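Report on the structure
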Amino acid sequence: MSEILIRNAAHLVTMNPAREEIAGGDLLVRGGVIAAVGRGLATAGAVIDAAGCVVTPGLVNTHHHLYQTLTRAVPGGQDALLFGWLKALYPVWARFGPEEIRVSALAGLAELALSGCTLTSDHLYLYPNGARLDDTVAAAAEIGLRFHPTRGAMSIGESRGGLPPDALVEEEAAILKDMERVVDAFHDPAPGAMVRVGLAPCSPFSVSRDLMRETARLARDRGVMLHTHLAENDEDVAYSLAKFGCRPGQYAEDLGWTGPDVWHAHCVRLDADEIGLFARSRTGVAHCPCSNCRLGSGIAPLRAMRDAGVPVGLGVDGSASNDAGNLLAEARQAMLLQRVARGADAMSAREALEIATLGGARVLGRDDCGALEPGRRADIAVWDIDGIEAAGAWDPVAALVLCGPTRVRDLFVEGRQIVRDGHVATVDLGRVIEHQTRLARRLMA
Ligand SMILES: [Zn+2]
């Protein structure tokens, strides 16, 4: 079995139960799995010199809409709140097809990889002009990231009181049938799986209660996870109260959408009772701080969630509402926002890094990822801290979040090198950018 030794890291951040950090640490990878962590390790295999670097577990992204990398900084959506922003972008997304879905995913995944991300979920909830979940799965295989695509859906169009145009919604029977198809085609429950599928109706304001309930039933029958958007802002909560006569947490609970196999994006407006519900049921949250700022949604009660024991991970969210896909920047923003809300001691840089790694892995049900300890998968980020961003830093681990760098030096997924010396090693990024730019221009025309 092939071995890789990552040697002599300035600091090796394990995220093991004792949260050990090893100065001058080595890490031995054997066949996709971490074989040993310590000092003075040896190998007959490949050696990566990590002098001057902080080595961390790969970051985990728990919420994204990769297709949106093709609609960044669209003028009509730049300054709108959530519902207005969606209405500005739906007509553009309606013109997407398989090529747009695949290429935008390549761009988004490459961007994530360069920011240290080794495992990402994706929430694809529109399938215009023959697009399929398969298009994003192909892109993830090309880049080499561990991938949790979710089969999203919208079924209530404008003519029935929903938000999306009728052209972007699907029949509920067809949605459920395709959910079964993609689970059969791609879901791998085994440890070390490179692809796990989740089921993810878009939001309470774009599908029926029936579809929410049926999807939960199907997910439990097939042993896959559930994901959606919840309590994103005040408008979202007002919609829930007016349409369903209850708050979002109650709505989720009534339909079977709580539990350790469920994670909800945003949850900016969860109240104390809802936080208690999520903690008791071990329902996960994908916190997306930059998107929440960009859309003016508010500051999620992350401190209260963590204190109550709610599993929390980070998400870059779609690149139309961020508009970046840099996961390390999300860790920094998560830390800063809690400090705005609760004071300078509300969240440390190390806690933000923990949420970005171990926290995200827990939210996605991956106890085989998220930490650097023997037996876990070899998903590893190597950060060069000798650059200008952190020059003069006294505490290189905290500096990762407090200062930068914003680009990883080397990245390994399942022991395979995805980023080498700050460049994506698996695809020709120049060609991806050229293709992506050409598609964006076509959409603008
Ligand atoms: Zn989202």
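Check the entry above for the structure.
The rules behind the values
- Residues numbered from 1 in each chain as written.
- Predicted model: local features only at pLDDT ≥ 70, side-chain atom pairs only at ≥ 80, totals over all residues.
- Heavy atoms only, no water.
- Core = buried A, V, L, I, M, F, W, Y, C linked by side-chain atoms within 4.5 Å.
- Buried < 20%, exposed > 50% of the residue type's maximum accessible area, 1.4 Å probe, protein only.
- Helix = DSSP H or I, 4+ residues; strand = E, 2+ residues; numbered from the N terminus.
- Contact = heavy atoms within 4.5 Å.
- Donors = N, O, S within 2.8 Å, 3.2 Å for Na, K, Ca; no water.
- Tetrahedral: all angles 85-135°; square planar, octahedral: opposite > 155°, others 65-115°.
- Polar contact = N/O pair within 3.5 Å; in protein donor to acceptor, adjacent residues only side chain to side chain.
- Phe/Tyr/Trp six-rings, centres within 6.5 Å; stacked < 30°, edge-to-face > 60°.
- Lys NZ or Arg CZ within 6 Å of the ring centre and 35° of its normal.
- Right-handed = clockwise from strand over helix to strand, strands pointing away.
- Pairing = 2+ DSSP bridges.

In terms of nonpolar packing, the biggest core is built from 116 residues, with Leu86, Trp93, Leu109 and Leu145 touching the most fellow members. The greatest single-element share of this core, amounting to 10 residues, is contributed by helix H2 (residues 98-114). Once residues within four sequence positions are removed from consideration, Leu145 is found in contact with Leu109, Leu112, Ala113, Cys117, Thr118, Thr120, Ala140, Met194, Leu411, Val413 and Ile418. Formed by 17 residues, the second largest nonpolar core is a distinct cluster that contains Ile6, Ile22, Ile48 and Val382.

All right, on to the coordination of the zinc ion then. Within the protein, the atoms that donate to the zinc ion are His63 (NE2), His65 (NE2), His229 (NE2) and Asp317 (OD), at distances of 2.1 to 2.4 Å. Around the zinc ion, the four donor atoms sit at angles spanning 87 to 175°, and that spread fits a shape best called irregular. Site description for the zinc ion: donor spacing in sequence, H-x1-H-x163-H-x87-D. Residue His65 is found in the loop between strand S6 (59-61) and helix H1 (82-93), and its partner His229 is found in strand S10 (residues 225-230); the two are separated by 164 residues along the sequence.

Once that is clear, we can look at the side chain of His64. Mapped onto the elements, His64 comes out in the loop between S6 and H1. Overall, the relative accessible area of 0% leaves His64 in the buried class. In this structure the side chain of His64 is engaged in a polar contact, spanning 3.2 Å, whose partner is the backbone oxygen of Asp317. Among residues more than four places away in sequence, those in contact with His64 are Leu112, Thr120, Ser121, Asp122, His123, Val316, Asp317, Gly318 and Ser319.

It is worth spelling out unusual backbone geometry at this point. Going from Asn322 to Asp323, the amide bond is cis rather than trans, its omega being -5°. Its place among the elements puts Asp323 in the loop between strand S13 (312-314) and helix H11 (327-342). Despite not being glycine, Arg19 has its phi angle at roughly 55°, a positive value. Relative to the helices and strands, Arg19 resides in the loop between strand S1 (3-13) and strand S2 (21-30). One non-glycine residue, His266, lies in positive phi territory at about 85°. Its place among the elements puts His266 in strand S11 (residues 262-266). Its relative accessible area of 0% is what places His266 among the buried residues.

Attention shifts here to the packing of aromatic side chains. As enumerated under the stated definition, the model contains nine aromatic pairs in all. Between Trp85 and Trp93 the ring centres are 5.9 Å apart and the planes differ by 75°, which places this aromatic pair in the edge-to-face class. Each member of the pair Trp85 and Trp93 is classed as buried. The rings of Tyr67, Trp85, Tyr90, Trp93, Phe96 and Tyr125 are connected pair by pair, giving a single aromatic cluster. Seen from the ring of Tyr127, Arg151 lies directly overhead, with NZ or CZ sitting 4.0 Å from the centre.

A separate point is the pairing of strand S12 (residues 284-287). Regular strands show a simple pattern: their side chains alternate between the two faces of the sheet. Where burial is concerned, the two faces of S12 agree: the one with Gly284 and Ala286 and the one with Val285 and His287 are both buried. Viewed along the sheet, the connection from S11 through helix H8 (residues 272-281) into S12 turns out right-handed. Direction of pairing for S12 relative to S13: parallel, over a ladder of three bridges. Its bridge partner being in S13, His287 is matched across the sheet by Leu314.

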